[in-house]
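# Summary of the model geometry
Each chain, letter by letter, is given below.
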Amino acid sequence: MQVKIKILGIAALLSSFAACSNEGGGDQTNPSLNNTYIRFVSPSGTNVLDSLGITMKKKLRVAVTDNRITVTGKRTSDGTPLEFLNEWEWASPIYEPKFKEEKGTVLHLFWVDHKTWDIEKRSNSYDENYAIQLSSPEVFGNNEVHTLNWHVKVKGRTHDAYKCELDGKEVSLSDDPFYNWHVTYDLHQVAAEVTIICK
């Protein structure tokens, strides 16, 4: 009898989660989690992070704790700073199976935007933009600030990341393995591999 009550309780709990996930007309795509992997490459094609000794061959990922790079980001609709999870981290190609190992160490940016779930406090449909700025004299070889922009359409609790720009130029996403892998019902998550050519 107690087993049946426990099973019924679990079933009721799962049903309530399903009802909440569909509230607002959304499917189960999570619009608040956003990933971008950035590869820094020299003009000759070598991986700059590996050349600087930032290699992740023995670990899958590690938080960036030095001053080699500065990363800031904001949600441009209201200027709110992005909430990076674990700040950001150097990551190994084998951390994500879609990377080819020869590409070397990358910078992994992972942030969350709770506004996309807050349907009671905003319009049901709107366009959002995430602007991320990166600077590093050591990595880039100069004092330039590089800007990454993600353009996203939000509807209910779903989103579609439809464009990515680096320094004002559109990044091709059509062949990006991460962008095309993170898709639910034709809606793309903010997920891509972006290459920055350093001096």
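Scroll up to find the structure.
The paragraphs below set out a description of the structure included in this document. (Residues numbered from 1 in each chain as written. Predicted model: local features only at pLDDT ≥ 70, side-chain atom pairs only at ≥ 80, totals over all residues. Heavy atoms only, no water.)

### Quick notes on the packing of aromatic side chains
Applying the stated criterion across every chain, the model contains five aromatic pairs. Residues Trp-111 and Tyr-130 carry aromatic rings whose centres are separated by 5.8 Å and whose planes lie at 70 degrees to one another, so their mutual orientation is edge-to-face. In this pair, Trp-111 is assigned in strand β6 (residues 106-112) and Tyr-130 in strand β7 (residues 125-135), connecting sequence segments 19 residues apart. In this structure an aromatic cluster arises from ring pairing among Phe-84, Trp-88, Trp-111 and Tyr-130. The aromatic ring of Tyr-162 is capped on one face by Lys-153, whose charged end is 4.9 Å from the ring centroid. (Phe/Tyr/Trp six-rings, centres within 6.5 Å; stacked < 30°, edge-to-face > 60°. Helix = DSSP H or I, 4+ residues; strand = E, 2+ residues; numbered from the N terminus. Lys NZ or Arg CZ within 6 Å of the ring centre and 35° of its normal.)

### Regarding the environment of Ile-38
For Ile-38, the location among the structural elements is in strand β1 (residues 33-41). Note: C-alpha distance between Ile-38 and Ala-91 (53 residues apart in sequence) is 9.7 Å. If we skip the residues at most four places from it in the chain, Ile-38 touches Val-106, Leu-107, Leu-109, Leu-134, Leu-148, Val-194 and Ile-196. (Contact = heavy atoms within 4.5 Å.)

### Considerations on the pattern of salt bridges
The full count for this structure, using the stated rule, is six salt bridges. When the shortest N-O distance is used, the salt bridge between Asp-78 and Arg-75 registers 2.7 Å. Between Lys-153 and Asp-127 there is a salt bridge; the shortest N-O distance is 3.5 Å. Of this pair, Lys-153 sits in strand β8 (residues 145-155) while Asp-127 is found in strand β7, placing the two residues 26 residues apart along the sequence. Salt bridges sharing partners connect three or more residues here, namely Arg-75, Asp-78 and Asp-113. (Salt bridge = Lys/Arg side-chain N within 4 Å of Asp/Glu carboxyl O.)

### So, the sheet that holds strand β13 (residues 191-197)
The strand order across the open sheet formed by five strands is β2-β5-β6-β1-β13, and the pairing between neighbours is mixed. The sheet terminates laterally at β2 (61-63) and β13, the two strands that pair on one side only. Adjacent strand axes in the sheet meet at a mean angle of 30 degrees, parallel and antiparallel pairs treated alike. Direction of pairing for β1 relative to β13: parallel, over a ladder of seven bridges. Residue pairing across strands places Arg-39 opposite Thr-195, the latter belonging to β13. (Pairing = 2+ DSSP bridges. Axes fitted to C-alpha atoms, helices over the stretch in contact; angles between N-to-C directions.)

### Brief notes about the sheet that holds strand β9 (residues 158-166)
Here we have six strands laid out as an open sheet, ordered β4-β3-β7-β8-β9-β10, and antiparallel in their pairing. Only two strands of the sheet have a single neighbouring strand rather than two, namely β4 (80-81) and β10 (169-170). The pairing of β8 with β9 spans eight bridges and is antiparallel. Bridged to Asn-149 within β9 is Glu-165.

### Notes on unusual backbone geometry
Phi at Asp-167 takes a positive value of approximately 55 degrees, unusual for a residue other than glycine. Along the chain, the position of Asp-167 falls in the loop between β9 and β10. The backbone phi angle of Asp-186 is positive, close to 65 degrees, even though this residue is not glycine.

### Overview of the side chain of Asn-149
Position of Asn-149 among the secondary structure elements: in strand β8. Taking relative accessible area as the criterion, Asn-149 reaches 15% and is therefore assigned buried. Of the polar contacts made by the side chain of Asn-149, one reaches the side chain of Asn-129; its length is 3.5 Å. Sequence-distant contacts of Asn-149, that is, excluding residues within four places in its chain, are made with Asn-129, Tyr-130, Ala-131, Lys-163, Cys-164 and Glu-165. (Buried < 20%, exposed > 50% of the residue type's maximum accessible area, 1.4 Å probe, protein only. Polar contact = N/O pair within 3.5 Å; in protein donor to acceptor, adjacent residues only side chain to side chain.)

### Structural notes on the pairing of β8
The buried fraction of β8 is high, at eight of eleven residues. When β7 meets β8, the two strands line up antiparallel, connected through eleven bridges. When the bridges of β8 are listed, Glu-128 appears paired with Val-152. Hairpin connection, β8 to β9: the antiparallel pair is bridged by two residues, and Gly-156 has positive phi, about 60 degrees.

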